[in-house]
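# Remarks on the overall topology
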Amino acid sequence: MSEKNLSNWESRLVPPDKVLNHIRPGMTVFIGTGPATPRRLIRTLLDVDKHNIRDLELMQLAVLGETILSIDRLNAPNYRLKTFFSGGYVAWDTISTGQVDLIPAYSSEIPEIIRSGRINVDVAFIQITPPNDAGYCSLGLAVDVAKEAMYKASLVVGEVNEAMPFTYGDTFVSIEEFDLLVRADREPITYTPEPVTDVMKKLAANVANEIRDGDCINYSLGPLFEALVPYLSDKKDLGIHSLYFTDAAAELVNSGAVTNNRKFLFRGKSLASYALGTKKLMKWLHKNPLVEFQGIDWVCNSQLIARNPQFVAIYEGRKADLQGRVAFPLRGAVISGPGEGIDFYKAAEASKDGNTIVGMPSRNENGESNILFSIEKYVNQLRLRESIHVLATEYGVAMLKWRPLRERAQAIIDVAHPDDREDLIKKAREKKILYSNQIFVSRSAHLYPAYIAHTKTFKGDKTVRFRAMKPSYEESMRRFFYRCSNETVFYRFFYSVKTMGHDKMQAYVNVDYTKEFSVVGFGGKKGENRIVAEARLVGSDDGKAGEVAFLIDENYQGAGVGSYLMSLLVQEGKKRKLEALYAEVLPENQPMIKVFEKSGLPLKSKLEGGVYHITLSLSG
């Protein structure tokens, strides 16, 4: 656009109160969303007391910052709010008073609802950037359904904000499409990231362990996503397909972990509908081609998202129960409620090698458990327990996909706060969700060695993930036992074990970490829960030594798994200040004897009664 034309559009600017002369009672006024809220227009609308400003319906997809419409300001006969998103900053008590019309809908459906005329839009208040030389403005920080609202409205008003970043994608609108223009008097709404606590850092580390190279993730807002950045920065070829783009997402892009090269849609670009963040983010986004903004019919379309392989839906939870149901936050993290979540969960389930992860601290700020027997009374739930594949807390990760309710419950209890587990076990036993004789080793609840979280690839390209033993591994361990040959089992236990029922196996997997240590190795794909190895250390009565034993799947023997497990037991023995490790090994179990010989520790061996008694010194 020439300088002359630029002068022409500025000459069209009017005071905001002049806009109200065009408003009539009964009209529906669409207001730009969240960070792109036209603050001057909405402030004028809410503050004025003209007779024509009566019985207006205000429509907005998310309400944020100073644009929160309180009960007082929504009083009839002036305004009612119609909104689709229930999980952001529209309080549920406001909805329950009847001041807000909440429309349950999938996010991806909202553009079509407006296009079809099921919801009328008479006036559209939209915040835009100044036009470029060609006369096109950018919608900046929020695309969502702005264009649909503009096309349906008989009066389109643009609030021109020079501080709004000019973003790329489906963001361009001609200055000629606006009937009236108003100059913004404030900068766009910014969001200051919340402080990251030590608990959230531990939680983020556990979530990050479930993210693979090449995963395409949704990156939302909140302390979990702020904390994730340093733990994801060493990943390779991550992609971002998210409703929101944030400072943390930009930091992840800058780290080099995000390339978007493995995405099917918008390859090479991060995709979002909104940007929420600081002024630094606004500056970073200005004319940045690495971020593509599209409407929510694209961004939240589960069929389109699912075309990205390894799509992972990550959300921060508020409460969870033993069935795997989750309640989302009502305040703090800007989550758009189950409507948006379902779109992304459906996409993850349909994506090749997709995954869904919910992360939350085990307790809230008041020290109350976030994991309950039931969350029936909590609002803003995702009741589709089948859609929750992984639940993470600072105490670990519960793998839930396709597991029976009993196993799911035990896995969730395992990641609850240690002081809350015994009560959860008791309630689950009473309700017959767990076995009536399910045991709980309370004295070692705080001693679980979460630092055992390693992944290693061995000979034959066999990748094994190592974790310390948990009660929820009972069924996986039982299946592992029955896969092993009679010879392998005999080498381990020195007698023939034909069956390993619940009573025996639960005693085996409920490790007393005050005097024992057990580490298992998982093979195959994540989520399969296929144990392929186990190693155990049992301390002597005098606390000076520890007996070690191993059980390794025949298909993983000779690959180096035993030697690696041996190194973990040695490290643990030294940590516990043991003087020696010892084992009893049959002479024909040569692979195990070689593991001890390769340990690099001073070794003493004595053949007695047809059994080698091996001692490894840790004090040398």
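## Details of the nonpolar core
Residues Ile128, Tyr219 and Phe245 are the most contacted members of the largest nonpolar core, which totals 111 residues. Counting residues per element, this core draws most heavily on helix H8 (residues 223-232), which supplies six residues. The contacts of Phe245, once residues within four sequence positions are left out, are Ile240, Ala250, Val253, Ser270, Ala272, Tyr274, Ala275, Leu276, Leu281, Trp284, Leu285 and Val291. Core analysis: the next-biggest nonpolar cluster, separate from the first, contains 54 residues, Ala468, Met469, Tyr513 and Leu616 among them.

## Some thoughts on the packing of aromatic side chains
Under the defined criterion, the tally for this structure stands at 17 aromatic pairs. Between Tyr315 and Tyr345, the ring centres sit 5.5 Å apart and the planes meet at 55 degrees, which makes this aromatic pair tilted. Here the residue Tyr315 occupies a position in strand E17 (residues 311-316), and Tyr345 occupies one in helix H13 (residues 337-350), the gap between them amounting to 30 residues. For the pair Phe481 and Tyr482, a centre-to-centre distance of 5.1 Å together with 75 degrees between the ring planes defines the contact as edge-to-face. Look at Tyr482 and you get partly exposed, because its relative accessible area is 40%. By way of ring pairs, the aromatic residues Phe166, Tyr168 and Phe172 are connected into one cluster. Across the ring face of Tyr395, the terminal group of Arg421 is positioned such that the distance to the ring centre comes to 5.6 Å. Between the NZ or CZ atom of Lys456 and the centre of the ring of Phe458, over which it lies, the distance is 5.9 Å.

## Quick notes on the pattern of salt bridges
Where charged atoms from two side chains of opposite charge approach closely, those side chains can pair. Within the structure shown, the criterion is met by 24 salt bridges. One salt bridge in this structure joins Asp321 and Arg325, with 2.7 Å as the shortest N-O distance. Accessibility expressed as a relative area gives 0% for Asp321, which makes it buried. You can call Arg325 buried: its relative accessible area is 11%. Across the pair Arg478 and Glu475 runs a salt bridge, and its minimum N-O distance is 2.7 Å. Highlighted residues: Arg478 and Glu475, both in helix H16 (residues 474-483), separated by three residues, approximately one helical turn. According to the relative accessible area criterion, Arg478 is partly exposed, its value standing at 28%. In this structure Glu475 comes out as buried when scored by relative accessible area, which is 14%.

Parameters and conventions
Residues numbered from 1 in each chain as written. Predicted model: local features only at pLDDT ≥ 70, side-chain atom pairs only at ≥ 80, totals over all residues. Heavy atoms only, no water. Core = buried A, V, L, I, M, F, W, Y, C linked by side-chain atoms within 4.5 Å. Buried < 20%, exposed > 50% of the residue type's maximum accessible area, 1.4 Å probe, protein only. Helix = DSSP H or I, 4+ residues; strand = E, 2+ residues; numbered from the N terminus. Contact = heavy atoms within 4.5 Å. Phe/Tyr/Trp six-rings, centres within 6.5 Å; stacked < 30°, edge-to-face > 60°. Lys NZ or Arg CZ within 6 Å of the ring centre and 35° of its normal. Salt bridge = Lys/Arg side-chain N within 4 Å of Asp/Glu carboxyl O.

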